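Breakdown of the fold
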Amino acid sequence: MAKLVFLGRLQSVAGEAERTVASGPLETVLAALEPDLSLALLDERVRFALNGTLLGDHGGIVLSPGDELAFLPPVSGG
Amino acid sequence: MAKLVFLGRLQSVAGEAERTVASGPLETVLAALEPDLSLALLDERVRFALNGTLLGDHGGIVLSPGDELAFLPPVSGG
Amino acid sequence: MIDVRLLDRPFIPGAFIGAFTHAHPGLGGVCTFVGEVRSEDGVEALELSHYAPLTLPGMQALAQRAAGRFDLMGILILHRTGVLHPGEPIVCVSAAATHRRAAFDAVDFAMDHLKSDSWFWKREKRGGEWHWIEPRAEDHADKARWD
Amino acid sequence: MIDVRLLDRPFIPGAFIGAFTHAHPGLGGVCTFVGEVRSEDGVEALELSHYAPLTLPGMQALAQRAAGRFDLMGILILHRTGVLHPGEPIVCVSAAATHRRAAFDAVDFAMDHLKSDSWFWKREKRGGEWHWIEPRAEDHADKARWD
């Protein structure tokens, strides 16, 4: 199993701050989510962090057991 | 009698912070002081304040009894 | 001294600034900015969420950049998380330096970058309902001053 | 709120800033600068003298000008007189505003003018002897930024 973490407004879309999912290719993981949630996660302004490291490229991600993938929408102004 | 107040380094020249003098025209008052003190007081960068009000013009000053004339050298940076 | 903290409950800036200042005896000056939650527009509360693996490390990197760019003796960056109410301090940045200009510029720089570059997401409660706050173009313009 | 004071003994800036901040609930932010006596060049002590009929009124006029020029909720200006030792606070300027930029600029403006325009005369003790400090061209340049 792997963990998805939803930050900011993505938390409201998901209805929770994190979710445990089956490990595997990210596209398979996303396809199993609610369509509005997977659409929101794939917004081009959303950044990904895998196990605490920001990813520059969002292609070819495969979640291994124990991985934590965070979805980071643009931060709020102040 | 009137009072002269010496600020900053003028205090060191006068050897005291203030001095009581006979009232009368300022030139008469200054002529009665030590020459090095009157010279220091007349330095063009020294401003005068009569009874708490800065004077723009240093000419024709006559000290009345009870007057306080302060001599203000340039303030220190810092 | 570089001191960077995330605080999850109300804090008194003076308590941190006093200790920070005493850690740098004989400095020239300390510039401090404390930002508070504004009490306007009917905002009842503000909630800041963060992502632990990124947020504090990002603030520490920012403090290092400020210390490297300006001639500082130290920098203090405090940021709240959690639910805040109007009037509570949300951020405090303090810089100690021999010269005032360096202290001022470092605080200004850190504030501009904290607002646009830090991993915080905010939502505010108005009329009993929470609303996410979107990014503002203005913050990016503030940050661009330093590029 | 405009609060301007001459203080003839050591003070803790935080004690004044805390009260000043609480007098403006819901502000956006407070910028503060605290200047301390530097411990360099073998300076043992610093003495500041002032002229009561001019010094405090001059500081009050400066605070009014800053409040008129920037969009402030309040400004606090504290200045020491008498004998100070390295590490003691000598000046504290704090500005509260809805927007950070106004608070920063007001403190910067007040500090630049306090250094060159205020009626303080300073002498420092080195090797047991007092020496008057002369004006510096640099301070006039700082002030000229605002003309």
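Here we come to the packing of aromatic side chains. Here a ring pair, both rings aromatic, is described through the centre-centre distance and the interplanar angle of the planes. Under the defined criterion, the tally for this structure stands at 13 aromatic pairs over all chains. Each ring, one from Phe6 of chain A and one from Phe71 of chain A, has its centre 6.1 Å from the other, and the planes form 20 degrees; the classification is stacked. In this pair, Phe6 of chain A sits in strand E1 (residues 2–6) while Phe71 of chain A sits in strand E7 (residues 68–72), placing the two residues 65 residues apart along the sequence. Neither Phe6 of chain A nor Phe71 of chain A differs from the other in exposure class; each is buried. With 6.0 Å between their ring centres and 80 degrees between their planes, Phe11 of chain C and Phe16 of chain C make a pair best called edge-to-face. Joined through ring pairs, the aromatic side chains of Phe33 and Phe104 of chain C together with Phe33 and Phe104 of chain D make up one cluster. Over the ring of Trp130 of chain C we find Arg123 of chain C; its NZ or CZ atom is 4.9 Å from the centre of that ring.

Another aspect to go through is the pairing of strand E4 (residues 47–50) of chain A. All names here are of chain A. In this structure, E4 lies alongside E7, joined through four bridges in antiparallel fashion. Paired with Ala49 across the strands is Ala70, a residue of E7. Note that E4 and strand E5 (residues 53–54) share two bridges and pair antiparallel. Each residue of the ladder has a partner; that of Ala49, found in E5, is Leu54. Linking E4 to E5, which pair antiparallel, is a turn of two residues; within it Asn51 sits at a positive phi near 50 degrees.

This part takes up the interface of chain B and chain D. At the interface, 19 residues of chain B touch 17 residues of chain D. Across the chain B/chain D interface, buried area totals approximately 1700 Å², and carbon plus sulfur atoms make up 60% of it. Put simply, chain B and chain D have zero salt bridges between them. Here chain B and chain D share three residue pairs in polar contact (both at pLDDT 80 or more) between them. Listing elements by their share of the side of chain B that touches chain D, those giving two or more residues are helix H1 (9–14) and strand E7 (68–72) of chain B. Partitioned by chemical class, the residues of the side of chain B that touches chain D number nine nonpolar, seven polar and three charged.

Let us now look at the packing of helix H2 (residues 52–69) of chain D against helix H3 (residues 100–117) of chain D. Residues and elements named next belong to chain D. Packing of H2 against H3 leaves a shortest axis separation of 10 Å and a crossing angle of 150 degrees. Considering the angle they form, H2 stands roughly antiparallel to H3. Every pair of crossing elements has a handedness; the one defined by H2 and H3 is right-handed. Where H2 approaches H3, its residues Met59, Leu62, Arg65, Ala66 and Arg69 are matched on the opposing element by Phe109, Ala110, His113 and Leu114. Of the residues assigned to the contact of H2 with H3, the class counts are six nonpolar, one polar and two charged.

A word on empty space enclosed by the protein. According to the stated counting rule, one finds two cavities of 30 Å³ or more in the structure shown. Its volume calculated, the largest cavity comes out at about 60 Å³. Every residue lining the largest cavity is listed: Gly8, Arg9, Pro73, Pro74 and Ser76 of chain B together with Trp121, Lys122, Trp132, Ile133, Glu134 and Pro135 of chain D. Roughly 50 Å³ of volume is contained in the second largest cavity. What lines the second largest cavity is Gly8, Arg9, Pro73, Pro74 and Ser76 of chain A together with Trp121, Lys122, Trp132, Ile133 and Glu134 of chain C. Of the residues in the lining of the second largest cavity, the class split is five nonpolar, two polar and three charged.

With that out of the way, let us pick up the sheet that holds strand E4 (residues 72–80) of chain D. The eight strands are arranged E1(C)-E4(C)-E6(C)-E2(C)-E2(D)-E6(D)-E4(D)-E1(D) in an open sheet whose pairing can be described as mixed. Each edge of the sheet is formed by a strand with only one pairing partner; in this case those strands are strand E1 (2–7) of chain C together with strand E1 (2–7) of chain D. With strand direction ignored, the average angle separating the axes of adjacent strands in the sheet is 5 degrees. Pairing between E4 of chain D and strand E6 (residues 89–97) of chain D: seven bridges, direction antiparallel. Counterpart to His79 of chain D in the pairing with E6 of chain D is Val91 of chain D. Sheet strands touched by helix H1 (residues 13–22) of chain C: E1, strand E2 (29–36), strand E4 (72–80) and strand E6 (89–97) of chain C together with strand E2 (29–36) of chain D. Its angle to E6 of chain C, the strand with the most contacts, is close to 15 degrees.

On to the relation of the copies chain D and chain C. In the superposition of chain D on chain C (RMSD 0.0 Å, axial shift 0.0 Å), the rotation amounts to 180 degrees. Taken together, the rotation and translation describe the operation of a two-fold axis. A share of 100% of the interface residues of chain D reappears at the interface of chain C, consistent with the copies meeting face to face through the same patch.

This paragraph deals with the arrangement of the chains. For the three pairs of chains in contact, the largest share of contacts goes to chains C and D. Contact between chain A and chain D is absent, and the minimum C-alpha spacing across the pair is 10 Å.

A common way to report how large an interface is uses the accessible area buried once the components associate. Across the boundary between the two partners, chain D contributes 30 residues, which contact 31 residues of chain C. For the pair chain D and chain C, the summed buried area comes to about 2300 Å², and 48% of that belongs to carbon and sulfur atoms. Summed over the shared surface of chain D and chain C, the number is six salt bridges. A salt bridge links Arg100 of chain D to Asp112 of chain C; its shortest N-O distance comes to 2.7 Å. Mapped onto the side of chain D that touches chain C, the elements with two or more residues apiece are E2 and H3 of chain D. A breakdown of the residues in the side of chain D that touches chain C according to their chemical character gives 10 nonpolar, 11 polar and nine charged. Two elements, E2 of chain C and E2 of chain D, share seven bridges in a ladder whose sense is antiparallel. Bridged to Gly29 of chain C within E2 of chain D is Gly35 of chain D.

Criteria and thresholds
Residues numbered from 1 in each chain as written. Chains lettered and ligands numbered in written order. Predicted model: local features only at pLDDT ≥ 70, side-chain atom pairs only at ≥ 80, totals over all residues. Heavy atoms only, no water. Phe/Tyr/Trp six-rings, centres within 6.5 Å; stacked < 30°, edge-to-face > 60°. Helix = DSSP H or I, 4+ residues; strand = E, 2+ residues; numbered from the N terminus. Buried < 20%, exposed > 50% of the residue type's maximum accessible area, 1.4 Å probe, protein only. Lys NZ or Arg CZ within 6 Å of the ring centre and 35° of its normal. Pairing = 2+ DSSP bridges. Contact = heavy atoms within 4.5 Å. Buried area = accessible area lost by both parts, 1.4 Å probe. Salt bridge = Lys/Arg side-chain N within 4 Å of Asp/Glu carboxyl O. Polar contact = N/O pair within 3.5 Å; in protein donor to acceptor, adjacent residues only side chain to side chain. Nonpolar A, V, L, I, M, F, W, Y, C, P; charged D, E, K, R; others polar. Axes fitted to C-alpha atoms, helices over the stretch in contact; angles between N-to-C directions. Parallel < 35°, antiparallel > 145°, perpendicular 65-115°, else oblique. Left-handed = near helix turned anticlockwise from the far one by under 90°. 1 Å grid on protein atoms, 1.4 Å probe; cavity = no way out; pocket = protein on both sides within 12 Å on 5 of 7 lines; lining within 4 Å. Points joined across faces, edges and corners; volume = space filled by probe spheres on them. Least-squares fit on C-alpha atoms with pLDDT ≥ 70 in both.

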